[in-house]
Structure formats: C-alpha cells, structure tokens
Amino acid sequence: MRGIKGILFDKDGTLVDFQATWFAIGDMMALEAAGGDRGRADALMTAAGYDFEAHCFKADSVFAAGTNADIVELWYPDADAAERAAMVKLFDRVTAEQGAMKAVPLPGSKDALTRLHGAGFRLGVATNDSTSGAEKTLLSLGVAQMFDAAYGYDAVANPKPAPDAIHAFSDLTGLKPSEIAMVGDNRHDLEMAKAGGAGLAIAVLSGTGTRETLTPMADVVLDSIADLPAYLAGEA
C-alpha cells in the first residue's frame, strides 16, 4: 500500500499495554519523588496525566507522551541541572528494567509483527522512553530479532514529535521516508509522521489516544496493530 516498505512503531500503547504496564511503575516513582507522602504522590501522578477516577493515563499527557526528562522536570522543579541529569539517568535505568520486566504485550501484537516481518517489512521502534528501555522490552516480548533498530529519546537529537527517528530509520534502511509508515497511539506519533514525510500516519486505539484526538491527524485509525497486516495487504 502506497509503496510502504518499512514500519516504525511507538512502544507503549502500540506494542505494549500502557495502562497494565506503567501504572505500578509510575506510582512507585511518584512515591519516591514525594518522599513517601501518599497524597503528594497522587498529586504528582495527576500532574503527569493519571486520571484516578477513570483509572487510566490521559491521552497526550506527560506520562503518556513525554520523556523521562519531562517527568523529572515536572516532579523535581527545584532541582538544579546536575541533580536533574542524575535523576534522569536514574529514571532511565528504573523504567528500562521495570518496564521490560512488567511489559504486558497487547493482544495479537506478536502475531502481527511476525506476519509483517515475514512479508518483508523493515521494522523499527520510535519511542520517548529510553533506547535501553525499548531494547530491553523488545527482548522481553520475544520480538527483538524482527527489528532493525529501536530509537529512544536519547538516541536522536530531538525526540518525538520531531522527525529525527524517521530520518535515522531512513538512513539505516535506505528507505525513503515516504516508504515508511509510523504507527502510534498518541498525537505526537502522528505529528512526527507528518513532520518526517512518512508515507502513512497510522493511529491505533490500543493506548491512551482516542478516536477524537487521533482522527484529525491520521491517515487511518485502527483498533490495534493486530489489524495492521490486513490493512497493509489491502484486505481491510
């Protein structure tokens, strides 16, 4: 379809069940940032985008769409540059280890990736998590061997929604940006696709984004990547 030969996937909410994987990890980190104060930790989680009434992270919130550096800046506003840098390293390590250990794959994701890889598509990940976190998660899910590359926010000069990861994947694979599809569950994934000249901006409803938030920027909205092989084959 449209000469698509490569696919860049967001990680959380696209390959991994965002809510099931990240609430406990985020809550643990918030409680640490709050010095053990439960009420303060809840306030930090709310500021980062967790809706306690709906029991989910909000679309395009800092936790859903931002980097660890964004979370550190939000939760530690009084820290100086050196303290923030150290905290970002700590967050990168904790989220990489815990995120991989507790990663819950979305239903049908591994089968979809197997079919896409078998059909000859070049596969990559573009995430605002760390590169180490992305690589560890792919290994944990048992799909790392299908991917050519994983780009975290720390692997490129400018993270999503900047188009750097699309350009890096293009350089690596020799594909034109117009031959690459970007798949994600938040608007910043689609913004990156448009900024990078990707051939397709594909939204999925398996994460924190909603049909209302994603439709205006997407070429197509799918329920999840389980529907992607049939769509790209022109069967849907």
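Residues numbered from 1 in each chain as written. Predicted model: local features only at pLDDT ≥ 70, side-chain atom pairs only at ≥ 80, totals over all residues. Heavy atoms only, no water.

Topic: the packing of helix 1 (residues 18-33) against helix 2 (residues 38-48)
It is the contact of helix 1 with helix 2, at a shortest axis distance of 8 Å, that shows an interaxial angle of 125 degrees. Regarding the angle of helix 1 to helix 2, the classification is oblique. You can see that helix 1 and helix 2 cross each other, and the crossing is right-handed. On helix 2, the residues touching F23, G26, D27, A30, L31 and A33 of helix 1 are R38, A41, D42, L44 and M45. Taken together, the residues of the contact of helix 1 with helix 2 break down into seven nonpolar, one polar and three charged. (Axes fitted to C-alpha atoms, helices over the stretch in contact; angles between N-to-C directions. Helix = DSSP H or I, 4+ residues; strand = E, 2+ residues; numbered from the N terminus. Parallel < 35°, antiparallel > 145°, perpendicular 65-115°, else oblique. Left-handed = near helix turned anticlockwise from the far one by under 90°. Contact = heavy atoms within 4.5 Å. Nonpolar A, V, L, I, M, F, W, Y, C, P; charged D, E, K, R; others polar.)

As for the packing of helix 4 (residues 68-75) against helix 5 (residues 81-101)
For the pair helix 4 and helix 5, the least separation of the axes is 9 Å and the interaxial angle reads 125 degrees. In terms of their interaxial angle, helix 4 and helix 5 are classed as oblique. The interaxial crossing formed by helix 4 with helix 5 has right-handed handedness. Seen from helix 4, the contacting residues are N68, A69, I71, V72, E73 and W75; seen from helix 5, they are R84, M87, V88, F91, D92 and T95. Grouping the constituent residues of the contact of helix 4 with helix 5 by class yields seven nonpolar, two polar and three charged.

A closer look at the pattern of salt bridges
Counted according to the given criterion, the structure contains eleven salt bridges. Between D10 and K160 there is a salt bridge whose closest N-O contact spans 2.9 Å. Linking D10 in the loop between strand 1 (6-9) and helix 1 with K160 in the loop between strand 5 (147-151) and helix 8 (164-173), this pair joins segments that are 150 residues apart in sequence. Side by side, D10 and K160 carry an identical accessibility label, which is buried. Close ionic contact of R187 with D60 constitutes a salt bridge, the shortest N to O distance being 2.9 Å. Pair noted here: R187 is in helix 9 (residues 187-196) and D60 is in the loop between strand 3 (56-57) and helix 3 (62-65), with a separation of 127 residues, a long-range link. Judged by relative accessible area, R187 falls into the partly exposed class, the value being 37%. Three or more residues joined by partner-sharing salt bridges are found here, namely D10, K160 and D189. (Salt bridge = Lys/Arg side-chain N within 4 Å of Asp/Glu carboxyl O. Buried < 20%, exposed > 50% of the residue type's maximum accessible area, 1.4 Å probe, protein only.)

Treat this as a map of the structure, not an account of what it does.
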